[in-house]
Each structure stands twice: as C-alpha cells, then as structure tokens.
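If you want the building blocks of each chain, they are given just below.
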Amino acid sequence: MGRYNFVKNRIEKVASEGYGLHLESLLSKAFSIYKRSFFLLSLVLIMYTVALTTIWFSTFEYTYGVGFVDLIERAQNDPNSINDVMGNITLMKGLIYSLAFSLVAGLVSPIFAGIYRISYQIKREQPYSLLDLFVYYKQPYFVNLFIYSFLLAFVVQYIGIILTSAFPLFASVGSIWLQIFLNVSLIFTAPFIVFGDMKWLEAVKASFRISFKNWFFLMFVLGIGLIISYLGVLLCGVGIIFTYSFLYVLIFVIYDDVIGFEEEKDVISEIGEN
C-alpha cells in the first residue's frame, strides 16, 4: 500500500470514527521505551541546549538592551526594573531574535524527529544507534521538518514578543496559551512527515484534523508528559536535559496508538536504503 497511502487511509478512518486513548497505557509504553534509550536520547537535549543557550546569550543584550548578568543585578536591587527592560524591546529587535531562535529550532528539528525513529525501533525490537538521530537530515525529510519547525518557533516567539510590548501584564498568559494550543494541535505533524512521507503543510492540516477529534484529552496527556519531563528541574535544574526527551517518546506512543504503522514491511529500514 505504501506508507503515504496507509497513513492517509488511517487519517480518514480516525477522522470519521474518532479514537480513544488510555493514560495509563500510554505512560506505561512510553516509560518502557524511554528507559531503554535514556542515555542516547539525553544527547539530543544536550546538543539542543548548547545551541539554544549560545544563541540566547549572544542575542540577549541586543534584544533587551542590557546584558543578562546586568539584568540580574538590576532585578536584585529593583524587581520592577525587569518590566522596564521588557518594555524596551522593539519589534525589529524581537524579529531578529525570533528569526535566530527559529533558525536553531529548524536546524535541530531532524534530531528530535530521530527520537521517533529510535522509539519505533525499540518498540519493535530492532537495533538502533546514535546515527539514527541524524537520519532525517536526508531529503525530503529535512526541508519539511525545517520549514515546519522554523515557522512554528517563529510564530510562538514573535507573537510572544508582540504581546510583551503591547500587553506586558498579560503577555505571559497569552504566550503560554498560544504554545499550548499549537503544540497540542500540531502533535502529529512531525510524525506525519517522517512516518507518512507528507509535505509539511499537508502534515499540519492533517494534525489539526486529527487532534481536534480528542483535543482536550491530548492536552491532558501532554500536560502529564510535560510534568514528568520537567521533574528533571528538581535535579539541580540541569536534570531536565536528561528527562525532557520523554515527552517526545510519549508523542510517538500516541501516534502509534492513533495512527499506527503498516506492518507488512519494515517501513523504517526503507529510509536507509533510499
């Protein structure tokens, strides 16, 4: 049937009939996969954290007009100074910062998609290695993952900056709800790209269509997954580097339960043969 046709048929069926998910089952499957890939998947977050931190610190003073260390010192003397600094952000500076952040998000997106690949292989008792995290830098996966991740990150970041400039008192709440809505609604997008050979725009539309069939439960499941992932903060803060990848494993498990895979042939191994 082919991966694309299989996924399209599943989307039509799920869109018509809906789907049910069970939290306990999802978490059990996700933990089973995660504990077998803990150290390998932690490398993903380490690489991403280094790249993102470098961009953040290098653009902070340009964006906010004050160095990060200086801002901390000001905040200690006068907590209200933070609001003053945030009010100095121009839309042009915000645009440049958002573009830089989004560029990083786009460039590393295939690595995060590699978590889905490794999760698939673990679930089906297939061998995997560090190289599997980079397999989606191949075309056509890279261009579609890059465009989707770049645009998503840009929309979230720049709208957040606009809200900060226009409505500083409500910016945080507005940004959080925007991220929640988009992350839940687009939960299937990257899996559709890598497992269903979809173009990014088609994958976005399909994800909205499927996620809305059970949107609030998906939000609940992702919320639980996010809490579990952020438990790493308790480990002196840096522990989140080792726990955040659990959220991506959980997304894979959700995709596997809702859409599934065409089992007649090894659809993942075909990528390496192209």
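These numbers were taken from a predicted model, which means no experiment stands behind them.

K.L.:
Could you give me a rundown of a nonpolar patch on the surface, with the residues and numbers involved?
P.N.:
A surface patch of nonpolar side chains, amounting to about 540 Å² of accessible area, comprises L43, I46, M47, V50, L130, F134 and Y137. Mapped onto the secondary structure, Y137 falls in the loop between α6 (91-123) and α7 (141-166).

K.L.:
Please give an account of the confidence of the model for the protein that cites residues and values.
P.N.:
Low pLDDT marks regions whose predicted coordinates should not be analysed in detail. Chain-level pLDDT for the protein is 80 on average; 72% of the residues reach the 70-or-more range. Contacts of residues 264-269 to residues separated by more than four positions or lying in other chains number 13 contacts, the stretch itself having pLDDT below 50.

K.L.:
Residues and numbers for the packing of aromatic side chains, please.
P.N.:
A full pass over the atoms with the stated rule returns 25 aromatic pairs. With a centroid separation of 6.1 Å and 45° between ring planes, the pair formed by F217 and F220 is classed as tilted. Residue F217 and its partner F220 are both found in helix α11 (residues 215-229); the two are separated by 3 residues, about one turn of the helix. With relative accessibility at 23%, the residue F217 sits in the partly exposed group. Overall, the relative accessible area of 43% leaves F220 in the partly exposed class.

K.L.:
Which residues make up the environment of A15, and what values do they have?
P.N.:
Looking at the secondary structure, you find A15 in helix α1 (residues 3-17). Considered as a pair, A15 and F212 are 197 residues apart in the sequence and their alpha carbons are 9.1 Å apart. In this structure A15 touches R209, I210 and K213, once residues within four positions along its chain are discounted.

K.L.:
Could you give an account of the packing of α11 against helix α13 (residues 245-258), with specific residues and numbers?
P.N.:
Contact pair α11 / α13: the axes reach a minimum separation of 8 Å and the direction vectors enclose 150°. When the axis of α11 is compared with that of α13, the two are roughly antiparallel. Between α11 and α13 the crossing geometry is right-handed. Along the contact surface, α11 presents L218, V221, L222, G225, L226, I228 and S229, while α13 presents F246, L247, L250, I251 and I254. When grouped by side-chain class, the residues that make up the contact of α11 with α13 number 10 nonpolar, 2 polar and no charged.

K.L.:
Any details on the environment of Y120? Residues and values, ideally.
P.N.:
Of note, Y120 is situated in helix α6. Between the alpha carbons of Y120 and D256 there is a distance of 8.6 Å; along the sequence they are 136 residues apart.

Conventions used here
Residues numbered from 1 in each chain as written. Predicted model: local features only at pLDDT ≥ 70, side-chain atom pairs only at ≥ 80, totals over all residues. Heavy atoms only, no water. Patch = residues over 30% accessible without salt bridge, like charges linked within 9 Å, V, L, I, M, F, W, Y side chains within 5 Å. Areas by Shrake-Rupley, 256 points an atom, 1.4 Å probe, with all protein chains shown as cover. Salt bridge = Lys/Arg side-chain N within 4 Å of Asp/Glu carboxyl O. Helix = DSSP H or I, 4+ residues; strand = E, 2+ residues; numbered from the N terminus. pLDDT = per-residue confidence, 0-100. Contact = heavy atoms within 4.5 Å. Phe/Tyr/Trp six-rings, centres within 6.5 Å; stacked < 30°, edge-to-face > 60°. Buried < 20%, exposed > 50% of the residue type's maximum accessible area, 1.4 Å probe, protein only. Axes fitted to C-alpha atoms, helices over the stretch in contact; angles between N-to-C directions. Parallel < 35°, antiparallel > 145°, perpendicular 65-115°, else oblique. Left-handed = near helix turned anticlockwise from the far one by under 90°. Nonpolar A, V, L, I, M, F, W, Y, C, P; charged D, E, K, R; others polar.

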